[in-house]
There are 2 protein chains.
Amino acid sequence: MGGPEIERLIGLLAKLPGFGPRSARRAALRLLQQPESRMLPLAVAMAEAARAVKSCSLCGNLDSADPCSICSDPHRDRSLICVVEGVGDLWALERAHVHRGLYHVLGGTLSALAGTGPDDLNVPSLLARVHEGGVSEVILALGATVDGATTTHWLTEKLKPLGVTVSRVGQGVPMGGALDVLDDGTLAAALRARRPF
Amino acid sequence: MGGPEIERLIGLLAKLPGFGPRSARRAALRLLQQPESRMLPLAVAMAEAARAVKSCSLCGNLDSADPCSICSDPHRDRSLICVVEGVGDLWALERAHVHRGLYHVLGGTLSALAGTGPDDLNVPSLLARVHEGGVSEVILALGATVDGATTTHWLTEKLKPLGVTVSRVGQGVPMGGALDVLDDGTLAAALRARRPF
Ligand SMILES: [Zn+2]
Ligand SMILES: [Zn+2]
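Residues numbered from 1 in each chain as written. Chains lettered and ligands numbered in written order. Predicted model: local features only at pLDDT ≥ 70, side-chain atom pairs only at ≥ 80, totals over all residues. Heavy atoms only, no water.

Our next topic: the overall build of chain A. Check the secondary structure of chain A and you find seven helices and seven strands. In sequence order, chain A lays out its α and β elements as α-α-α-β-β-β-α-β-α-β-α-β-α-β. Reported as C-alpha extents along the three principal axes, the dimensions of chain A are approximately 65 × 35 × 35 Å. Counting contacts in chain A only where the partners sit at least 6 residues apart, residues at least 24 apart contribute 54% of the total. Approximately 8,900 Å² of chain A is accessible, and the part contributed by carbon and sulfur atoms is 54%. For chain A, the separation between the mean place of its 20 positive charges and that of its 20 negative charges on side chains is 4 Å. (Helix = DSSP H or I, 4+ residues; strand = E, 2+ residues; numbered from the N terminus. Contact = heavy atoms within 4.5 Å. Areas by Shrake-Rupley, 256 points an atom, 1.4 Å probe, with all protein chains shown as cover. Lys, Arg positive; Asp, Glu negative; His and termini not counted. Charge placed at Lys NZ, Arg CZ, Asp CG, Glu CD.)

Here we come to the relation of the copies chain A and chain B. You can overlay chain A on chain B at an RMSD of 0.0 Å; the transform is a turn of 180 degrees with a shift of 0.0 Å along its axis. Here the symmetry operator amounts to a two-fold rotation axis. Of every C-alpha in chain A, the one belonging to Ala43 of chain A sits nearest the axis of rotation, 2.1 Å from it. Interface overlap between copies: 100% of the residues of chain A at the interface are likewise at the interface in chain B, consistent with a symmetric, same-surface contact. (Least-squares fit on C-alpha atoms with pLDDT ≥ 70 in both.)

Residue and element names in this part refer to chain A. Here the zinc ion (ligand 1) is held by Cys56 (SG), Cys59 (SG), Cys68 (SG) and Cys71 (SG), and the distances to it run 2.3 Å. What the four donor atoms of the zinc ion (ligand 1) show is an angle range of 104 to 116 degrees at the metal, which sorts the shape as tetrahedral. Sequence spacing of the donors to the zinc ion (ligand 1): C-x2-C-x8-C-x2-C. Of this pair, Cys56 sits in the loop between β1 (54-55) and β2 (62-63) while Cys71 sits in the loop between β2 and β3 (77-84); the two residues are 15 residues apart in sequence, bridging distant segments of the chain. By the burial criterion, Cys56 is buried, and Cys71 matches it. (Donors = N, O, S within 2.8 Å, 3.2 Å for Na, K, Ca; no water. Tetrahedral: all angles 85-135°; square planar, octahedral: opposite > 155°, others 65-115°. Buried < 20%, exposed > 50% of the residue type's maximum accessible area, 1.4 Å probe, protein only.)

Let us look at the coordination of the zinc ion (ligand 2). All names here are of chain B. Surrounding the zinc ion (ligand 2) are the protein donor atoms Cys56 (SG), Cys59 (SG), Cys68 (SG) and Cys71 (SG), at 2.3 Å. If you look at the zinc ion (ligand 2), its four donor atoms make angles of 104 to 115 degrees with each other, and the shape they trace is tetrahedral. Of note, the zinc ion (ligand 2) draws all its donor residues from one chain, in the sequence arrangement C-x2-C-x8-C-x2-C. Taken together, the positions of Cys56 in the loop between β1 (54-55) and β2 (62-63) and Cys68 in the loop between β2 and β3 (77-84) put the pair 12 residues apart, joining distant regions of the chain. Here the two residues Cys56 and Cys68 agree in accessibility, since each one is buried.

Once that is clear, we can look at the environment of Ala189 of chain A. All names here are of chain A. By the secondary structure assignment, Ala189 is in helix α7 (residues 184-192). The buried category is assigned to Ala189, whose relative accessible area is 18%. C-alpha separation for the pair Ala189 and Gly143, spaced 46 residues apart in sequence, amounts to 14 Å.

Residue and element names in this part refer to chain A. Look at the link from Asp66 to Pro67: it is a cis peptide, with omega at 0 degrees. With respect to the secondary-structure elements, Pro67 resides in the loop between β2 and β3. Here the phi dihedral of His97 falls at roughly 50 degrees; this positive angle occurs in a residue that is not glycine.

In this structure, Leu13 and Met46 of chain A together with Leu13 and Met46 of chain B are the most contacted members of the largest nonpolar core, which totals 96 residues. Apart from the residues within four sequence positions on either side, Met46 of chain B is in contact with Leu9, Leu13, Leu31, Met39, Leu42, Ala43 and Met46 of chain A. (Core = buried A, V, L, I, M, F, W, Y, C linked by side-chain atoms within 4.5 Å.)

Attention now moves to the UniProt feature "zinc finger region: C4-type" (unreviewed entry) in chain A. As annotated in UniProt, the feature "zinc finger region: C4-type" (unreviewed entry) corresponds to residues 56-71 of chain A in the numbering used here. A helix fraction of 0% and a strand fraction of 12% characterise residues 56-71 of chain A, whose end C-alpha atoms lie 8 Å from each other. (UniProt positions renumbered as here; feature names shortened; annotations may be inferred.)

Attention now goes to the interface of chain A and chain B. Think of interface size as the accessible area that goes away when the parts come together; that is how it is often given. Each partner contributes residues to the interface: chain A has 52 residues there, and chain B has 52 residues. The largest per-residue losses of area from chain A upon contact with chain B belong to Met1, Met46 and Trp91 of chain A, which jointly make up 16% of the total buried on that side. Summed over the shared surface of chain A and chain B, the result is zero salt bridges. The interface formed by chain A and chain B holds six residue pairs in polar contact (both at pLDDT 80 or more) in total. A breakdown of the residues in the side of chain A that touches chain B according to their chemical character gives 31 nonpolar, eight polar and 13 charged. (Buried area = accessible area lost by both parts, 1.4 Å probe. Salt bridge = Lys/Arg side-chain N within 4 Å of Asp/Glu carboxyl O. Polar contact = N/O pair within 3.5 Å; in protein donor to acceptor, adjacent residues only side chain to side chain. Nonpolar A, V, L, I, M, F, W, Y, C, P; charged D, E, K, R; others polar.)

Dropping the structure here:
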């Protein structure tokens, strides 16, 4: 329609989550109409982020610093580790300001359907962090799905022998729901209502 | 949360049409998780498009070639000019394969509310193209809004004295509707049912 550059831009935008061909065309058009003020800044921000952002070698968070800004924050309670499935869940908890400790990003849950086994999750690094000492409680903040519950129970069996308190977020996570779509109040309630196994 | 690069990326994504803070975070996360295979290609495509794509100096279409690929296509009927409000409308008509002539992009419609007057539209260049000769019909394909109808009538008055047939797309454009959300069949019907003034 307008050359290969436009086709390519629309094709890549259409692969973004929440985008289809129609919304990709709309976004492309908006960007093309403001190349200097909209498109170039976004292109630069993407290139910058792709260059700078890495997984934190301690917790698995995404950050341009390693260790991440949470792991290296002296004001965080280092005796408390909140285990989440993904970085989106970590972001949700941080937005809600409901957790003052550190995190550990599993990178998924056990899933027979998706073929995700123990070796696909960041579990050895979690066990190592607990082993090193200084951790008094591990809060398992996984979604209330079948896979989330399976993973919660499996992790509890792994962590208990290390002499650490293991709790899971309780009341507040709706059945079948994912953490990163919950409102702040629900997230706060879920964290408060955590219970030790 | 993860450094200024991530905040900046989310902030810019959130300004895309159809995106809000939540969908911007989701898109950013997806891109950050695949920096090499997703984010860098999109960044490059944006930079390339911003560099290459310009407004066609003849018709106002967006293209990396000038004149655009439509204006320079020897197979298009050069005696027929379809006038549209924006490039999105041109894209819609091209996807529907319902117009074999050339286009002219007005860049808006007359609008008292938006303060868009005759001087804000690409009308002199349209009149010049008709003046040059070789044009037998100008099809006005503006939306069936109050502003669209006002602009259609105003343009008709301008074009008629030049001795060219002026028609407007008719049956098919729903009241209050914009052209670029219509299905192909409706667009084809609207074009077939055009009538001369
Ligand atoms: Zn970290
Ligand atoms: Zn052109």
